Amino acid sequence: MATFLYRLGRLAFRRRHFVALIWVALLTLAGFAAASAPTAANTSFSVPGTEAQKAFDLLEQRFPGMSADGGTARVVFKAPAGEKMTDAANRDTAQKTVDALGEGSEVASVADPYKADAVSEDGTIAYASVKYKAPGMELEEGTRESLEEAAQDARDAGLTVEVGGDALQAQPETGAGEIIGIAVAAVVLVITFGSLVAAGLPLLTALIGVGIGVSAITALASALDLGSTTSTLASMIGLAVGIDYALFVVSRYRTELAEGREREEAAGRAVGTAGSAVVFAGLTVVIALVGLSVVNIPMLTKMGVAAAGTVAIAVLIALTMIPALLGYAGRRVKPAGEKSRFLGGARAARKGASVKAAKPNMGTRWARFVVRRPIAVLLLGVVGLGAAAVPAASMDLGIGDDSSLPTSTTQRRAYDLLSDGFGPGFNGPLVVVVDAKASDDREAAFTEVTDRIKGLENVATVTPVAPNKAGDTATITVIPASEPSSVTTEDLVHAIRDAGTDIKADTEADVLVTGTTAMNTDIAQKLNDALIPYLALVVGLAFLLLIVVFRSILVPLKAALGFLLSVMAALGAVVAVFQWGWMADLVGVDETRPIVAIMPIFMIGVVFGLAMDYEVFLVTRMREAYIHGEKPSQAVVTGFNHGARVVTAAAVIMIAVFAGFVGSSEAMVKMIGFGLAIAVFFDAFIVRMAIVPAVLALLGKKAWWLPKWLDRVLPNVDVEGEGLRTRGDRAHASGSPGSGDAKGAGSDEGHGLVKV
């Protein structure tokens, strides 16, 4: 592996014009395809195999004219104090509004509140339901404007009018947070490298990689039904790993320069060593993201595959474009320890200068402290993360509704008015679909379902049966007495389904329950069922991969356990902020809400991949020192001496990039941005920087134990670059230093490389 990547790095350095041209051409092609692609529709959300999804599909099949996936709006009227909506003047205003709402080519139907029994018992609140032919996110701007104008006209007449539903739902905005995140990353890179040019390379290549990835997603969005969230999350992850992967290669390049190597040779060695770690780190991220497909939720699968694609691009760019740009940069990229003249000048690196008197860096001092006090550091880290993970036990999952929106929005105010006028369960109706096609007496089946539901606890209202034209299928709307997100409402869903089993035995009619609450229940169950298989697949594959990388059993096991600690602590922080409201103002959370159902498992996948990134980058330097003869405790210190500064910079950059997405108006993007930022903090600074060295110090040589039979079977991928060191030893033995001369650069014979 190291030998192949070494050759690839030198080739890219020499043929930099060709390499740069390829990547610019790919970016141009992807951008042209994105610009030429049709506008993507809002991605459809489906959960195959669940009862709620089966009911929804049946509605589309048996009720073709009802636009089951169309947008909806509820225009809620409230009479002035001391008046009622049944008063003549208020009734006339509402009727005019209903007539105005019915105009427009995208309107499928409008329900008159006075004909649909949509007036509250005290007569103060009424609502008109509007159904559209197109999904809410796809409605034309003129349709939205007409809806808002009709509501405003009623307000001008003296009524309080609010609009709920998804018809006014706008495309999510990410705000300026992304730019701030990139700016922070730039500052960290400048501080780390002491050079504007060296700092600019990771940013430039990461932006190119994200540009290619997001443009490709945009180009395929219409054909593959990819939503805006897919490209946002792909850019979030692609930007973070793109900067980090390039950071590690550039950092190793500067280290090789400081050791006196010529620039082409340094580029080859940087790609051969740090590039090997990048490949395996990228593979773990890709495995974790693609593994999301086992959950069998199309939206989650698409997000995972799209994000994995951007990670793969980031890896390829780090291995090829970075050495090419280093060739262009020339002497403007300084050896490690030197700074550019624009940043205060630098001490010139003089050959043979002694570094013994140099003060140990902070990473070295910290590693020595951990090696001396491993038990105390280990206990403190584990207890701290365990405490942070406690809130995760109280996690409530849900898709979310208007109740979680800020009270400043008309959707939230409409939700509150409907709850006040019609009860807390009105905003979360259950739709019962009765398929009586196989029943001998369909009317009797419909009647029995209605009677059985009315006899259940927690039922406030059951609407009359609404059959389709064929008379073989009917819908019954059930209004719970409890609010949509309550456990009581969830119990009602299960009670109706249990009753449906008995009804089918009596009448041969299938009873299916759908609606937002039912969908939430099914999603939570599906995700719970998929969690163990997903973790087994992802952790299992990554565990095998890390055994190959580290040639150890205990190191990969420690890495997996450390990941579980950090991800549970991160989920606990998400629950504390978004569900409990702790420090919610700091991240712009206006209202507490259930955690978006698919967020935890998506975050688990991403965090696992990122956790393995830091494990690979940091521990490979420790193993490199160990296999070159250092004692286990000293190898830990050496690994920190070389890698702690860069890993710290990489973690800070990732935190900044992810935190930049907290400003998004999309709840899931906001949660994932915060969750990933806090997870990287926990994993990089507590698990990898404290718990990992403490465990390795306690294990000693046992940490690198591998059964002899397994050692013979496993391929030697040479992540540490031992083959390159052997090549250097041979070169020095023959009196020829490793140089960047073009002569013989492309041949194995010219370099004495050890093939792996």
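This one's a predicted model, so the numbers in the text were calculated from it and none came from an experiment.

Engineer: How would you explain the side chain of glutamate 256 if you had to name every residue and give the values?
Structural biologist: Among the secondary structure elements, glutamate 256 is positioned in helix 8 (residues 228-258). With relative accessibility at 4%, the residue glutamate 256 sits in the buried group.

Engineer: Give a detailed account of the packing of aromatic side chains, specifying residues and quantitative values.
Structural biologist: Under the counting rule described, the total for this entry stands at 10 aromatic pairs. Taking the centre distance of 5.1 Å and the plane angle of 65 degrees together, the rings of tyrosine 127 and phenylalanine 426 count as edge-to-face. Remark: phenylalanine 426 occurs in the loop between helix 13 (410-422) and strand 6 (430-435) and tyrosine 127 occurs in strand 3 (residues 125-132); sequence separation between them is 299 residues. Taken together, the ring pairs in this structure connect Tyr127, Phe422 and Phe426 into an aromatic cluster. Sitting over the face of the ring of phenylalanine 13, arginine 16 holds its NZ or CZ atom 5.4 Å from the ring centroid.

Engineer: Tell me about the environment of isoleucine 322, and name the residues and values.
Structural biologist: As for its position among the elements, isoleucine 322 is in helix 10 (residues 298-329). The buried category is assigned to isoleucine 322, whose relative accessible area is 0%. For the pair isoleucine 322 and glycine 9, spaced 313 residues apart in sequence, the C-alpha to C-alpha distance is 8.7 Å. With residues up to four places along the chain from it excluded, the contact list for isoleucine 322 reads Leu201, Thr205, Ala246, Val249, Val250 and Ile317.

Engineer: I'd love a proper account of the nonpolar core, names of residues and values included.
Structural biologist: The tendency in soluble globular proteins is for nonpolar side chains to be buried as a group. Core analysis: the biggest nonpolar cluster contains 181 residues, and Tyr245 and Val432 have the highest contact counts within it. For this core, the element with the highest residue contribution is helix 10, accounting for 18 residues. Ignoring anything within four residues of it in the chain, the contact list for tyrosine 245 reads Val278, Ala281, Gly282, Val285, Val311, Ala314, Val315, Ala318, Asp613 and Phe617. Counting 26 residues, the second largest nonpolar core, distinct from the first, contains Val75, Ala94, Ala134 and Ala150.

Engineer: A description of unusual backbone geometry should follow, citing residues and the corresponding values.
Structural biologist: Even without being a glycine, asparagine 296 presents a positive backbone phi close to 65 degrees. Within the secondary structure, asparagine 296 sits in the loop between helix 9 (263-290) and helix 10. Since its relative accessible area comes to 40%, asparagine 296 is described here as partly exposed. At arginine 551, a residue that is not glycine, the phi angle is positive and equals roughly 50 degrees. With respect to the helices and strands, the residue arginine 551 is situated in the loop between helix 16 (516-550) and helix 17 (554-579).

Engineer: So what's going on with helix 4 (residues 88-101)? Residues and values would help.
Structural biologist: Along an α-helix, residues three or four apart share an orientation, since each turn contains 3.6 residues. For helix 4, spanning 14 residues, the distance from its first C-alpha to its last is 20 Å, which sits close to the expected 20 Å at 1.5 Å a residue. Residues Asn90, Thr93, Ala94, Thr97, Val98 and Leu101 constitute the buried set of helix 4. Down the axis of helix 4, the smallest arc covering the buried residues is 140 degrees, so these residues share one side. In helix 4, the exposed positions that point more than 90 degrees away from the buried face belong to Ala88, Ala89, Lys96 and Asp99. Check the buried side of helix 4 and you find it contacts strand 1 (72-78), strand 2 (107-111), strand 3 and helix 5 (141-156).

Engineer: Explain the sheet that holds strand 4 (residues 160-165) to me, using residue names and the numbers behind them.
Structural biologist: One open sheet holds the four strands; their spatial order is 2-3-1-4, and the pairing between them is antiparallel. Either end of the sheet is taken by a strand with one partner, and the two such strands are strand 2 and strand 4. Sheet twist, expressed as the average angle between the axes of neighbouring strands with direction ignored, equals 20 degrees. Across seven bridges, the pairing between strand 1 and strand 3 is antiparallel. Looking across to strand 3, one finds that valine 75 is bridged to alanine 128. Packing of helix 5 onto the sheet brings it into contact with strand 1, strand 3 and strand 4, and relative to strand 4 it is tilted by some 155 degrees.

Engineer: Outline the confidence of the model for the protein chain, listing residues and values.
Structural biologist: When pLDDT is averaged along the protein chain, the result is 82; 88% of the residues meet or exceed 70. Summarising per-element confidence for the protein chain, the mean pLDDT is lowest in helix 22 (residues 722-733) (54) and highest in helix 12 (residues 374-389) (94). Within the model, the stretch residues 345-357 combines pLDDT values under 50 with eight contacts to residues more than four positions away or in other chains. Overall, residues 729-756 carries pLDDT values under 50, and its contacts beyond four positions in sequence, including any with other chains, amount to 43 contacts.

Engineer: Which residues make up the pairing of strand 6, and what values do they have?
Structural biologist: The two faces of the sheet receive side chains in turn, since in a regular strand these alternate between them. Of all six residues making up strand 6, five are buried, and the element is well covered by its neighbours. Looking at chain direction, strand 6 and strand 9 (residues 473-480) are connected through six bridges and run antiparallel. If you follow leucine 430 over to strand 9, its bridge partner there is valine 478. Note: strand 6 against strand 10 (residues 510-514), five bridges, orientation antiparallel. In the sheet register, valine 432 faces strand 10, and the bridge partner there is valine 513.

Engineer: Can you explain a nonpolar patch on the surface? Please cite residues and give values.
Structural biologist: Nonpolar side chains collect at one region of the surface, where Val294, Leu537, Leu541 and Leu544 lie side by side and expose about 310 Å² of accessible area between them. Along the chain, valine 294 turns up in the loop between helix 9 and helix 10. Classification of valine 294 as partly exposed rests on a relative accessible area of 36%.

Engineer: Now, about empty space enclosed by the protein: what can you tell me, with residues and values included?
Structural biologist: Under the defined criterion, the tally for this structure stands at one cavity of 30 Å³ or more. Quantified by volume, the largest cavity comes out at close to 40 Å³. Lining the largest cavity we find Thr205, Ala206, Gly209, Val210, Gly242, Ala246, Ala314, Ile317 and Ala318. Listing elements by their share of the lining of the largest cavity, those giving two or more residues are helix 7 (196-224), helix 8 and helix 10.

About the cut-offs
Residues numbered from 1 in each chain as written. Predicted model: local features only at pLDDT ≥ 70, side-chain atom pairs only at ≥ 80, totals over all residues. Heavy atoms only, no water. Helix = DSSP H or I, 4+ residues; strand = E, 2+ residues; numbered from the N terminus. Buried < 20%, exposed > 50% of the residue type's maximum accessible area, 1.4 Å probe, protein only. Phe/Tyr/Trp six-rings, centres within 6.5 Å; stacked < 30°, edge-to-face > 60°. Lys NZ or Arg CZ within 6 Å of the ring centre and 35° of its normal. Contact = heavy atoms within 4.5 Å. Core = buried A, V, L, I, M, F, W, Y, C linked by side-chain atoms within 4.5 Å. Expected span 1.5 Å × (residues − 1). Arc of directions from axis to C-beta. Pairing = 2+ DSSP bridges. Axes fitted to C-alpha atoms, helices over the stretch in contact; angles between N-to-C directions. pLDDT = per-residue confidence, 0-100. Patch = residues over 30% accessible without salt bridge, like charges linked within 9 Å, V, L, I, M, F, W, Y side chains within 5 Å. Areas by Shrake-Rupley, 256 points an atom, 1.4 Å probe, with all protein chains shown as cover. Salt bridge = Lys/Arg side-chain N within 4 Å of Asp/Glu carboxyl O. 1 Å grid on protein atoms, 1.4 Å probe; cavity = no way out; pocket = protein on both sides within 12 Å on 5 of 7 lines; lining within 4 Å. Points joined across faces, edges and corners; volume = space filled by probe spheres on them.

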